[in-house]
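Descriptive structure summary
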Amino acid sequence: MSSVMVNGTRVETVRGDISCEQVDAVVNAANRALLGGGGVDGAIHRGAGPELLAECKALNGCDTGDAKMTRGYGLPAKHIIHTVGPVYSESGPNAARRLASCHRRSMEIAIEHGLKSVAFPAISCGVYGYPVDEAAHVAANTVVEFVTEHPGLELVRFVLFNDEALRAFSAQIERAAGAGGHTP
Ligand code: ADP
């Protein structure tokens, strides 16, 4: 677990289930169809209920690296920002750029809607096969850089499902914030 302040935004890591997070928006590690799946996507659709699928059907899918928002329905979170991470083995040198774009687009959408708190899972680190240390490096750099340039978010929280991911994301957040942030 770690927590740093960067330009007025708290950036932190916790261990947990993202579908239980009480924040303005949880980010879903979705696929391009936006019609549900396993892992994070499954937990979010189960928690939100069938109305979520109905709203998702009207969105006509989502490109890799982009994001689209829906209501949170039965989740404690008010909104869900669905983003599509890269499949590591298919992305070659574009993997990091696409993963960074997922984080950036999700935070842009949150700010556009006046949201203050956002929770991310370890996007692409499950069935999409992104090595956790590499993904944590990209996610941490992208979030710290974004909040340094864009005030408005009060909280960006990474919700990790296991100790390996928690350790990796905590270490990378502290490293990335080292330049611009400070531990309270
Ligand atoms: P992707 O398809 O983008 O790889 P997954 O949902 O398969 O997404 O997994 C992404 C990461 O989220 C993995 O590290 C996985 O262990 C973790 N994870 C799975 N379920 C949950 C959950 N309910 N809350 C938070 N993290 C989860």
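Scope of this entry: the structure provided in the associated data block. Computed from a predicted model, the values in this text were never measured in an experiment.

Helix and strand counts for the protein stand at six helices and seven strands. Reading the secondary structure of the protein in the N-to-C direction produces β-β-β-α-α-β-β-α-α-β-α-β-α. In terms of C-alpha radius of gyration, the protein reaches 15 Å, essentially the compact-globule figure of 16 Å for 184 residues. Taken over the C-alpha atoms alone, the protein extends approximately 45 × 35 × 30 Å along its principal axes. Taken over 184 residues, the protein has a buried fraction of 50%. Counting contacts in the protein only where the partners sit at least 6 residues apart, residues at least 24 apart contribute 70% of the total. When the accessible surface of the protein is split by element, carbon and sulfur atoms take 50% of a total near 8,300 Å².

This brings us to the environment of Y130. Relative to the helices and strands, Y130 resides in the loop between β6 (117-120) and α5 (132-149). Measuring from C-alpha to C-alpha, the distance between Y130 and Y88 comes to 5.1 Å, with 42 residues separating the pair along the chain. Look past the residues within four positions of Y130 in its chain and what remains in contact with it is P86, Y88, A95, A96, L99, S124, C125, A135 and V138.

In the neighbourhood of the ligand, 15 residues make up the surrounding shell, with D17, I18, V40, S124 and G126 lying closest. I18 has a polar backbone atom sitting 2.9 Å from a nitrogen atom of the ligand. Across the complex, the protein chains shield 89% of the 570 Å² of accessible surface that the ligand would expose by itself. By residue number, the principal contributor to the shell around the ligand is helix α1 (residues 39-48), which donates three residues. Its residues assigned to classes, the shell around the ligand shows ten nonpolar, four polar and one charged.

Ranked by internal contacts, the top residues of the largest apolar core, which has 41 residues, are V11, I81, F120 and F158. Those elements giving two or more residues to this core turn out to be β1 (2-6), β3 (25-30), β4 (67-71), α4 (95-112), β6, α5, β7 (155-160) and α6 (163-180). Looking at which element gives the most residues to this core, the answer is α5, with ten residues. Residues V14, V26, C62 and A119 belong to the second largest nonpolar core, which totals 18 residues.

Turning our attention to the pattern of salt bridges. Enumeration according to the criterion identifies six salt bridges in this entry. The salt bridge partner of R157 is E21, with a shortest N-O separation of 2.7 Å. Here R157, found in strand β7, pairs with E21, found in the loop between β2 (9-15) and β3; they are 136 residues apart in sequence, far enough to count as distant. For the pair R157 and E21, a shared accessibility class is recorded, and that class is buried. For R105, the salt bridge is made with E108, and the minimal N-O distance between the two is 2.6 Å. Of this pair, R105 and E108 both sit in helix α4, three residues apart, which is roughly one turn of that helix.

Thresholds, definitions, all that
- Residues numbered from 1 in each chain as written.
- Predicted model: local features only at pLDDT ≥ 70, side-chain atom pairs only at ≥ 80, totals over all residues.
- Heavy atoms only, no water.
- Helix = DSSP H or I, 4+ residues; strand = E, 2+ residues; numbered from the N terminus.
- Rg over C-alpha atoms; globule rule 2.2 N^0.38 Å.
- Buried < 20%, exposed > 50% of the residue type's maximum accessible area, 1.4 Å probe, protein only.
- Contact = heavy atoms within 4.5 Å.
- Areas by Shrake-Rupley, 256 points an atom, 1.4 Å probe, with all protein chains shown as cover.
- Near = heavy atom within 4 Å.
- Polar contact = N/O pair within 3.5 Å; in protein donor to acceptor, adjacent residues only side chain to side chain.
- Nonpolar A, V, L, I, M, F, W, Y, C, P; charged D, E, K, R; others polar.
- Core = buried A, V, L, I, M, F, W, Y, C linked by side-chain atoms within 4.5 Å.
- Salt bridge = Lys/Arg side-chain N within 4 Å of Asp/Glu carboxyl O.

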